[in-house]
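Take a look at the letters that make up each chain.
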Amino acid sequence: MNGRSQNRSVLAVGSVALDDIDGPFGLQRDILGGSASFFATAASYFTDRVALVAVIGDDFPEEHVEFLASRGIDLTGLQREGGDSFHWYGKYSDDLTSRTTLDTKLGVFADFRPRLADVHRDAEFLFLGNIEPSLQASVAEQVAAPRLIAADTMNLWIEHHADALRRTLGKVDVLLINDEEARQLSGAHNLALAANAIRAMGPRAVVIKRGDAGAYLFHEDGTFAVPALPIEEVRDPTGAGDSFAGGFMGYLAYAGATDDDAVRGAMIAGSVMASYCVEQFSLDGLRNLTAEMIEERFAAFQALMRCDHIRL
Ligand code: AMP
(Lines give C-alpha, C1' and ligand atoms only; values in the text may rest on other atoms or scores of the structure.)
Protein backbone atom coordinates (compact mmCIF):
# COMPACT_ATOMS: atom_id res chain seq x y z
CA MET A 1 0.00 0.00 0.00
CA ASN A 2 2.97 2.31 0.47
CA GLY A 3 4.99 0.81 -2.37
CA ARG A 4 7.10 -1.50 -0.20
CA SER A 5 4.99 -4.53 -1.00
CA GLN A 6 6.91 -7.80 -1.14
CA ASN A 7 3.82 -9.59 -2.41
CA ARG A 8 4.56 -12.99 -0.91
CA SER A 9 2.20 -15.84 -1.67
CA VAL A 10 -0.67 -16.71 0.66
CA LEU A 11 -2.47 -20.05 0.53
CA ALA A 12 -5.71 -20.79 2.40
CA VAL A 13 -7.44 -24.09 2.97
CA GLY A 14 -10.94 -24.07 4.41
CA SER A 15 -14.61 -24.00 3.55
CA VAL A 16 -16.36 -22.24 0.69
CA ALA A 17 -19.98 -22.39 1.78
CA LEU A 18 -23.56 -21.35 1.48
CA ASP A 19 -24.85 -19.92 4.75
CA ASP A 20 -28.26 -19.24 6.24
CA ILE A 21 -27.90 -16.47 8.81
CA ASP A 22 -30.61 -15.46 11.24
CA GLY A 23 -30.42 -12.50 13.60
CA PRO A 24 -31.85 -9.11 14.49
CA PHE A 25 -31.60 -7.96 10.86
CA GLY A 26 -33.67 -10.86 9.54
CA LEU A 27 -33.03 -14.24 7.95
CA GLN A 28 -30.74 -14.45 4.93
CA ARG A 29 -30.68 -17.71 2.99
CA ASP A 30 -28.03 -19.31 0.77
CA ILE A 31 -25.57 -16.46 1.00
CA LEU A 32 -21.87 -16.82 0.22
CA GLY A 33 -19.84 -17.86 3.28
CA GLY A 34 -17.07 -20.18 4.37
CA SER A 35 -13.78 -19.64 6.14
CA ALA A 36 -11.68 -19.68 2.95
CA SER A 37 -14.00 -17.22 1.16
CA PHE A 38 -13.76 -14.57 3.87
CA PHE A 39 -10.05 -15.17 4.43
CA ALA A 40 -8.98 -15.07 0.78
CA THR A 41 -11.11 -12.03 -0.03
CA ALA A 42 -9.71 -10.06 2.92
CA ALA A 43 -6.11 -11.11 2.09
CA SER A 44 -6.59 -10.15 -1.58
CA TYR A 45 -6.57 -6.46 -0.60
CA PHE A 46 -2.93 -6.78 0.56
CA THR A 47 -1.29 -9.12 -1.94
CA ASP A 48 -2.27 -10.30 -5.41
CA ARG A 49 -0.85 -13.77 -4.77
CA VAL A 50 -3.68 -15.41 -2.83
CA ALA A 51 -4.80 -18.98 -3.58
CA LEU A 52 -7.48 -21.08 -1.98
CA VAL A 53 -8.02 -24.82 -1.67
CA ALA A 54 -11.60 -25.90 -0.99
CA VAL A 55 -14.50 -27.91 -2.40
CA ILE A 56 -17.91 -26.85 -3.69
CA GLY A 57 -20.88 -28.85 -4.98
CA ASP A 58 -22.66 -28.62 -8.30
CA ASP A 59 -25.33 -26.40 -6.68
CA PHE A 60 -22.81 -23.62 -5.99
CA PRO A 61 -23.78 -20.41 -7.83
CA GLU A 62 -21.29 -19.42 -10.53
CA GLU A 63 -21.63 -15.74 -9.57
CA HIS A 64 -19.85 -16.49 -6.26
CA VAL A 65 -16.96 -18.18 -8.08
CA GLU A 66 -16.81 -15.20 -10.43
CA PHE A 67 -16.67 -12.82 -7.45
CA LEU A 68 -13.72 -14.68 -5.88
CA ALA A 69 -11.97 -14.75 -9.27
CA SER A 70 -12.63 -11.01 -9.68
CA ARG A 71 -10.56 -10.46 -6.52
CA GLY A 72 -7.61 -12.05 -8.31
CA ILE A 73 -7.74 -15.19 -6.12
CA ASP A 74 -6.15 -18.28 -7.67
CA LEU A 75 -9.04 -20.77 -7.74
CA THR A 76 -7.22 -23.70 -9.39
CA GLY A 77 -7.46 -25.47 -6.01
CA LEU A 78 -11.26 -25.00 -5.81
CA GLN A 79 -12.64 -28.46 -6.65
CA ARG A 80 -16.21 -28.78 -7.90
CA GLU A 81 -17.77 -32.18 -7.06
CA GLY A 82 -21.16 -33.74 -7.73
CA GLY A 83 -23.39 -33.16 -4.68
CA ASP A 84 -24.40 -30.33 -2.37
CA SER A 85 -22.09 -27.61 -1.16
CA PHE A 86 -21.21 -27.23 2.51
CA HIS A 87 -24.17 -25.45 4.11
CA TRP A 88 -24.09 -23.77 7.52
CA TYR A 89 -27.04 -22.28 9.43
CA GLY A 90 -26.27 -19.95 12.31
CA LYS A 91 -28.47 -17.79 14.54
CA TYR A 92 -27.31 -14.71 16.44
CA SER A 93 -28.67 -13.33 19.70
CA ASP A 94 -30.50 -9.98 19.50
CA ASP A 95 -27.41 -8.11 20.72
CA LEU A 96 -25.19 -10.03 18.19
CA THR A 97 -22.79 -11.12 20.95
CA SER A 98 -23.45 -14.87 20.74
CA ARG A 99 -24.44 -17.36 18.08
CA THR A 100 -25.70 -20.91 17.86
CA THR A 101 -25.13 -23.34 15.04
CA LEU A 102 -28.61 -24.59 14.10
CA ASP A 103 -27.50 -26.90 11.30
CA THR A 104 -24.38 -27.99 9.42
CA LYS A 105 -24.78 -29.97 6.19
CA LEU A 106 -21.37 -31.20 5.11
CA GLY A 107 -22.36 -32.22 1.55
CA VAL A 108 -19.25 -32.65 -0.64
CA PHE A 109 -17.14 -31.38 2.25
CA ALA A 110 -17.55 -34.79 3.94
CA ASP A 111 -15.09 -36.36 1.45
CA PHE A 112 -12.76 -33.38 1.16
CA ARG A 113 -9.13 -34.62 1.22
CA PRO A 114 -7.04 -31.66 0.02
CA ARG A 115 -4.18 -32.57 -2.37
CA LEU A 116 -2.05 -29.57 -3.18
CA ALA A 117 -0.86 -28.85 -6.72
CA ASP A 118 2.90 -28.26 -7.09
CA VAL A 119 2.40 -24.49 -7.41
CA HIS A 120 0.61 -24.40 -4.04
CA ARG A 121 3.29 -26.47 -2.29
CA ASP A 122 5.58 -23.43 -2.60
CA ALA A 123 3.29 -21.15 -0.58
CA GLU A 124 5.10 -18.87 1.84
CA PHE A 125 2.21 -17.93 4.14
CA LEU A 126 -0.23 -20.75 4.85
CA PHE A 127 -3.60 -20.35 6.56
CA LEU A 128 -5.32 -23.47 7.86
CA GLY A 129 -8.95 -22.36 8.07
CA ASN A 130 -11.47 -23.95 10.34
CA ILE A 131 -11.71 -27.57 9.14
CA GLU A 132 -11.05 -30.93 10.78
CA PRO A 133 -7.60 -30.77 12.43
CA SER A 134 -6.23 -33.88 10.67
CA LEU A 135 -6.98 -32.25 7.29
CA GLN A 136 -5.24 -29.09 8.47
CA ALA A 137 -2.18 -31.16 9.40
CA SER A 138 -2.15 -32.96 6.05
CA VAL A 139 -2.11 -29.61 4.22
CA ALA A 140 0.68 -28.29 6.47
CA GLU A 141 2.73 -31.39 5.59
CA GLN A 142 2.28 -30.83 1.84
CA VAL A 143 3.69 -27.29 1.83
CA ALA A 144 7.45 -27.45 1.20
CA ALA A 145 8.95 -24.59 3.19
CA PRO A 146 6.30 -22.26 4.57
CA ARG A 147 7.60 -19.10 6.15
CA LEU A 148 4.64 -18.93 8.54
CA ILE A 149 1.67 -21.21 9.23
CA ALA A 150 -1.42 -19.76 10.91
CA ALA A 151 -4.53 -21.66 11.91
CA ASP A 152 -8.02 -21.24 13.24
CA THR A 153 -10.15 -23.84 15.00
CA MET A 154 -13.52 -24.11 16.76
CA ASN A 155 -15.29 -25.66 19.75
CA LEU A 156 -16.38 -28.73 17.74
CA TRP A 157 -12.77 -29.80 17.12
CA ILE A 158 -11.56 -28.82 20.61
CA GLU A 159 -14.26 -31.06 22.11
CA HIS A 160 -14.27 -34.04 19.77
CA HIS A 161 -10.86 -34.10 18.01
CA ALA A 162 -8.57 -33.02 20.83
CA ASP A 163 -5.65 -35.36 19.98
CA ALA A 164 -5.62 -34.49 16.28
CA LEU A 165 -5.84 -30.81 17.16
CA ARG A 166 -2.82 -31.14 19.49
CA ARG A 167 -0.83 -32.73 16.65
CA THR A 168 -1.83 -29.91 14.28
CA LEU A 169 -0.89 -27.26 16.84
CA GLY A 170 2.63 -28.71 16.89
CA LYS A 171 3.00 -27.57 13.25
CA VAL A 172 1.45 -24.10 13.66
CA ASP A 173 3.27 -20.78 14.25
CA VAL A 174 0.24 -18.59 14.97
CA LEU A 175 -3.12 -19.75 16.33
CA LEU A 176 -6.02 -17.31 15.91
CA ILE A 177 -9.01 -18.17 18.09
CA ASN A 178 -11.75 -16.43 20.05
CA ASP A 179 -11.73 -16.02 23.83
CA GLU A 180 -14.25 -18.79 24.46
CA GLU A 181 -12.21 -21.26 22.39
CA ALA A 182 -8.97 -20.19 24.09
CA ARG A 183 -10.51 -20.95 27.48
CA GLN A 184 -11.90 -24.27 26.28
CA LEU A 185 -8.62 -25.36 24.66
CA SER A 186 -6.40 -24.39 27.60
CA GLY A 187 -8.72 -25.07 30.53
CA ALA A 188 -7.74 -21.65 31.92
CA HIS A 189 -10.26 -18.84 32.36
CA ASN A 190 -7.66 -16.07 32.57
CA LEU A 191 -6.69 -15.17 28.98
CA ALA A 192 -3.00 -14.50 29.75
CA LEU A 193 -2.73 -17.94 31.34
CA ALA A 194 -4.74 -19.47 28.49
CA ALA A 195 -2.34 -17.96 25.94
CA ASN A 196 0.69 -19.31 27.84
CA ALA A 197 -0.84 -22.77 27.96
CA ILE A 198 -1.63 -22.70 24.22
CA ARG A 199 1.86 -21.48 23.37
CA ALA A 200 3.22 -24.47 25.30
CA MET A 201 1.28 -26.67 22.82
CA GLY A 202 3.32 -25.40 19.84
CA PRO A 203 2.28 -22.02 18.40
CA ARG A 204 4.82 -19.31 19.15
CA ALA A 205 2.08 -16.68 18.88
CA VAL A 206 -1.58 -16.72 19.90
CA VAL A 207 -4.12 -14.17 18.75
CA ILE A 208 -7.23 -14.10 20.92
CA LYS A 209 -10.18 -12.37 19.25
CA ARG A 210 -12.79 -10.89 21.55
CA GLY A 211 -15.48 -9.60 19.19
CA ASP A 212 -16.42 -6.04 20.07
CA ALA A 213 -13.73 -6.01 22.78
CA GLY A 214 -10.89 -6.19 20.21
CA ALA A 215 -8.01 -8.67 20.01
CA TYR A 216 -4.88 -9.63 21.96
CA LEU A 217 -1.58 -10.90 20.59
CA PHE A 218 0.64 -12.98 22.87
CA HIS A 219 4.08 -13.82 21.48
CA GLU A 220 7.78 -13.99 22.26
CA ASP A 221 8.10 -10.17 22.14
CA GLY A 222 5.34 -9.63 24.69
CA THR A 223 1.69 -8.68 24.45
CA PHE A 224 -0.07 -6.32 22.06
CA ALA A 225 -3.73 -5.36 21.97
CA VAL A 226 -5.97 -3.69 19.41
CA PRO A 227 -9.38 -2.39 20.48
CA ALA A 228 -12.42 -2.88 18.28
CA LEU A 229 -13.45 0.26 16.43
CA PRO A 230 -16.81 1.41 17.82
CA ILE A 231 -18.65 1.30 14.50
CA GLU A 232 -22.31 2.24 14.28
CA GLU A 233 -23.51 -0.34 11.78
CA VAL A 234 -23.06 -3.99 12.76
CA ARG A 235 -25.36 -6.37 10.88
CA ASP A 236 -23.68 -9.77 10.70
CA PRO A 237 -20.53 -10.90 12.57
CA THR A 238 -20.22 -14.05 10.43
CA GLY A 239 -16.75 -14.30 8.94
CA ALA A 240 -15.25 -11.61 11.18
CA GLY A 241 -12.64 -14.07 12.47
CA ASP A 242 -11.66 -15.25 9.00
CA SER A 243 -11.59 -11.69 7.67
CA PHE A 244 -9.32 -10.80 10.59
CA ALA A 245 -7.05 -13.73 9.67
CA GLY A 246 -7.07 -12.67 5.99
CA GLY A 247 -6.07 -9.11 6.83
CA PHE A 248 -3.45 -10.43 9.28
CA MET A 249 -1.80 -12.85 6.84
CA GLY A 250 -2.26 -10.54 3.85
CA TYR A 251 -0.43 -7.80 5.72
CA LEU A 252 2.49 -10.10 6.65
CA ALA A 253 2.77 -11.19 3.01
CA TYR A 254 2.67 -7.57 1.90
CA ALA A 255 5.29 -6.55 4.50
CA GLY A 256 7.40 -9.63 3.67
CA ALA A 257 8.27 -9.86 7.37
CA THR A 258 7.17 -11.51 10.60
CA ASP A 259 8.98 -9.35 13.17
CA ASP A 260 7.25 -7.50 16.03
CA ASP A 261 6.38 -4.41 13.95
CA ALA A 262 5.03 -6.54 11.10
CA VAL A 263 2.87 -8.58 13.45
CA ARG A 264 1.53 -5.43 15.14
CA GLY A 265 0.65 -4.04 11.70
CA ALA A 266 -1.00 -7.36 10.90
CA MET A 267 -3.13 -7.09 14.05
CA ILE A 268 -4.38 -3.69 12.91
CA ALA A 269 -4.93 -4.86 9.31
CA GLY A 270 -6.91 -7.84 10.64
CA SER A 271 -9.03 -5.53 12.77
CA VAL A 272 -9.68 -3.27 9.76
CA MET A 273 -10.94 -6.15 7.61
CA ALA A 274 -13.09 -7.58 10.42
CA SER A 275 -14.64 -4.16 11.00
CA TYR A 276 -15.65 -3.88 7.33
CA CYS A 277 -16.90 -7.48 7.31
CA VAL A 278 -19.42 -7.07 10.14
CA GLU A 279 -21.10 -4.03 8.61
CA GLN A 280 -22.95 -6.14 6.04
CA PHE A 281 -24.14 -9.70 5.42
CA SER A 282 -22.00 -12.37 3.76
CA LEU A 283 -18.91 -10.92 2.06
CA ASP A 284 -20.73 -7.76 1.02
CA GLY A 285 -18.71 -5.53 3.35
CA LEU A 286 -15.51 -6.76 1.64
CA ARG A 287 -16.71 -6.52 -1.96
CA ASN A 288 -16.00 -2.94 -2.92
CA LEU A 289 -13.22 -1.72 -0.68
CA THR A 290 -10.50 0.57 -2.02
CA ALA A 291 -6.92 1.05 -0.84
CA GLU A 292 -8.02 4.49 0.45
CA MET A 293 -10.81 2.97 2.56
CA ILE A 294 -8.39 0.48 4.09
CA GLU A 295 -5.79 3.17 4.77
CA GLU A 296 -8.45 5.44 6.29
CA ARG A 297 -9.64 2.77 8.72
CA PHE A 298 -6.06 1.72 9.52
CA ALA A 299 -5.46 5.37 10.52
CA ALA A 300 -8.68 5.36 12.58
CA PHE A 301 -7.31 2.43 14.59
CA GLN A 302 -3.97 4.17 15.04
CA ALA A 303 -5.79 7.28 16.28
CA LEU A 304 -7.84 5.17 18.69
CA MET A 305 -4.65 3.64 20.12
CA ARG A 306 -2.47 6.77 20.20
CA CYS A 307 -1.00 7.51 23.64
CA ASP A 308 2.81 7.43 23.29
CA HIS A 309 2.99 11.22 23.67
CA ILE A 310 1.07 11.27 26.94
CA ARG A 311 3.23 11.61 30.07
CA LEU A 312 2.56 10.46 33.60
P1 AMP B 1 -16.44 -17.15 11.56
O2 AMP B 1 -17.65 -16.26 11.81
O3 AMP B 1 -15.20 -16.37 11.28
O4 AMP B 1 -16.30 -18.19 12.60
O5 AMP B 1 -16.72 -17.94 10.18
C6 AMP B 1 -18.00 -18.33 9.80
C7 AMP B 1 -17.93 -19.17 8.53
O8 AMP B 1 -17.40 -20.46 8.85
C9 AMP B 1 -19.32 -19.38 7.94
O10 AMP B 1 -19.41 -18.70 6.70
C11 AMP B 1 -19.46 -20.89 7.79
O12 AMP B 1 -19.83 -21.28 6.49
C13 AMP B 1 -18.10 -21.46 8.15
N14 AMP B 1 -18.21 -22.63 9.04
C15 AMP B 1 -19.06 -22.81 10.08
N16 AMP B 1 -18.89 -24.04 10.64
C17 AMP B 1 -17.91 -24.65 9.92
C18 AMP B 1 -17.27 -25.96 9.98
N19 AMP B 1 -17.63 -26.88 10.87
N20 AMP B 1 -16.30 -26.23 9.08
C21 AMP B 1 -15.95 -25.30 8.16
N22 AMP B 1 -16.50 -24.09 8.04
C23 AMP B 1 -17.48 -23.75 8.91
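Note: the structure precedes this text.
These numbers were taken from a predicted model, which means no experiment stands behind them.

Colleague: How would you explain the overall build of the chain if you had to name every residue and give the values?
Modeller: Along its length, the chain carries eleven helices and 13 strands. In summary, the chain has a C-alpha radius of gyration of 18 Å against a globular reference of 20 Å for 312 residues, a match within 12%. When the backbone C-alpha atoms are referred to their principal axes, the chain occupies close to 65 × 45 × 40 Å. Evaluated residue by residue, the chain yields a buried proportion of 54% over its 312 residues. Pairs at least 24 residues apart make up 64% of the contacts formed inside the chain by residues separated by at least 6 positions.

Colleague: Got a sec to walk through helix 10 (residues 260–277)? Specific residues and values, please.
Modeller: When the terminal C-alpha atoms of helix 10 are compared, their 26 Å separation across 18 residues agrees well with the 26 Å that a helix rising 1.5 Å per residue should span. Counting buried positions along helix 10 yields 15 of 18 residues, so the element is predominantly enclosed.

Colleague: I'd love a proper account of the site of the ligand, names of residues and values included.
Modeller: As a matter of local geometry, the ligand sits amid 17 residues, with S15, D19, G34, R99 and G239 nearest to it. Between the ligand and G239 there is a distance of 2.7 Å, counted from an oxygen atom to a backbone nitrogen or oxygen. Of all the secondary structure elements, the ones that give two or more residues to the shell around the ligand are strand 2 (17–22) and helix 9 (240–255). Ranked by the residues each element gives to the shell around the ligand, the list is headed by helix 9, at three residues. Looking at the shell around the ligand residue by residue, the classes come out as seven nonpolar, seven polar and three charged.

Colleague: Help me get a handle on helix 8 (residues 191–199), residues and values and all.
Modeller: Within helix 8, burial applies to L191, A194, A195 and I198. Angularly, the buried residues of helix 8 cover 100° about the axis, an arc narrow enough to put them on a single face. Its side-chain oxygen 2.9 Å from the backbone nitrogen of A192, N190 forms the N-cap of helix 8.

Colleague: Run through unusual backbone geometry, naming residues and quoting values.
Modeller: A negative phi angle is the norm for most residues apart from glycine, just as the trans form is the norm for most peptide bonds. Located in the positive-phi region is D30, a residue other than glycine, with phi close to 55°. With respect to the helices and strands, the residue D30 is situated in strand 3 (residues 28–33). Using a relative accessible area of 43% as the deciding quantity, one classes D30 as partly exposed. For S282, which is not glycine, the phi dihedral falls at a positive 50°. Tracing the sequence through the fold places S282 in the loop between helix 10 and helix 11 (291–305).

Colleague: For the layout of surface pockets, give the residues involved together with the corresponding values.
Modeller: Roughly 240 Å³ of internal volume is contained in the second largest pocket. The wall of the second largest pocket is formed by F224, R264, G265, I268, F298, Q302, M305, R306, C307 and D308. Taken together, the elements giving at least two residues each to the lining of the second largest pocket come down to helix 10 and helix 11. Here the residues of the lining of the second largest pocket are counted per class, giving five nonpolar, two polar and three charged.

Colleague: Lay out the packing of aromatic side chains with the relevant residues and their values.
Modeller: One pass over the full model with this rule turns up seven aromatic pairs. Note on F39 and F127: the rings are 4.2 Å apart at their centroids and 5° apart in plane angle, and the pair reads as stacked. In this pair, F39 sits in helix 1 (residues 35–43) while F127 sits in strand 8 (residues 125–128), placing the two residues 88 residues apart along the sequence. Across this residue pair, the class does not change: F39 and F127 are buried. Arranged with centres 5.5 Å apart and planes meeting at 65°, the rings of Y251 and Y254 form a pair that is edge-to-face. Separated by three residues within a single helix, Y251 and Y254 lie in helix 9, roughly one turn from each other. Comparing Y251 with Y254, the two get one shared label, buried. Grouped by ring-pair contacts, the aromatic residues F86, F109 and F112 constitute a single cluster. Taking NZ or CZ as reference, R71 lies 3.7 Å from the ring centre of Y45, over its face.

Colleague: Outline the pairing of strand 9 (residues 148–152), supporting the account with residue identities and numerical values.
Modeller: Of all five residues that make up strand 9, five are buried, and the element is covered over most of its length. Burial along strand 9 is two-sided: L148, A150 and D152 facing one way and I149 and A151 facing the other are all buried. Note: strand 8 against strand 9, four bridges, orientation parallel. The residue bridging F127 from the neighbouring strand is A150, located in strand 9. Once you follow strand 8 into helix 4 (residues 133–142) and on to strand 9, the crossover reads as right-handed. Note that strand 9 and strand 10 (residues 174–178) share three bridges and pair parallel. Its bridge partner lying in strand 10, A151 is registered against L175.

Rules behind the numbers
Residues numbered from 1 in each chain as written. Predicted model: local features only at pLDDT ≥ 70, side-chain atom pairs only at ≥ 80, totals over all residues. Heavy atoms only, no water. Helix = DSSP H or I, 4+ residues; strand = E, 2+ residues; numbered from the N terminus. Rg over C-alpha atoms; globule rule 2.2 N^0.38 Å. Buried < 20%, exposed > 50% of the residue type's maximum accessible area, 1.4 Å probe, protein only. Contact = heavy atoms within 4.5 Å. Expected span 1.5 Å × (residues − 1). Near = heavy atom within 4 Å. Polar contact = N/O pair within 3.5 Å; in protein donor to acceptor, adjacent residues only side chain to side chain. Nonpolar A, V, L, I, M, F, W, Y, C, P; charged D, E, K, R; others polar. Arc of directions from axis to C-beta. 1 Å grid on protein atoms, 1.4 Å probe; cavity = no way out; pocket = protein on both sides within 12 Å on 5 of 7 lines; lining within 4 Å. Points joined across faces, edges and corners; volume = space filled by probe spheres on them. Phe/Tyr/Trp six-rings, centres within 6.5 Å; stacked < 30°, edge-to-face > 60°. Lys NZ or Arg CZ within 6 Å of the ring centre and 35° of its normal. Pairing = 2+ DSSP bridges. Right-handed = clockwise from strand over helix to strand, strands pointing away.

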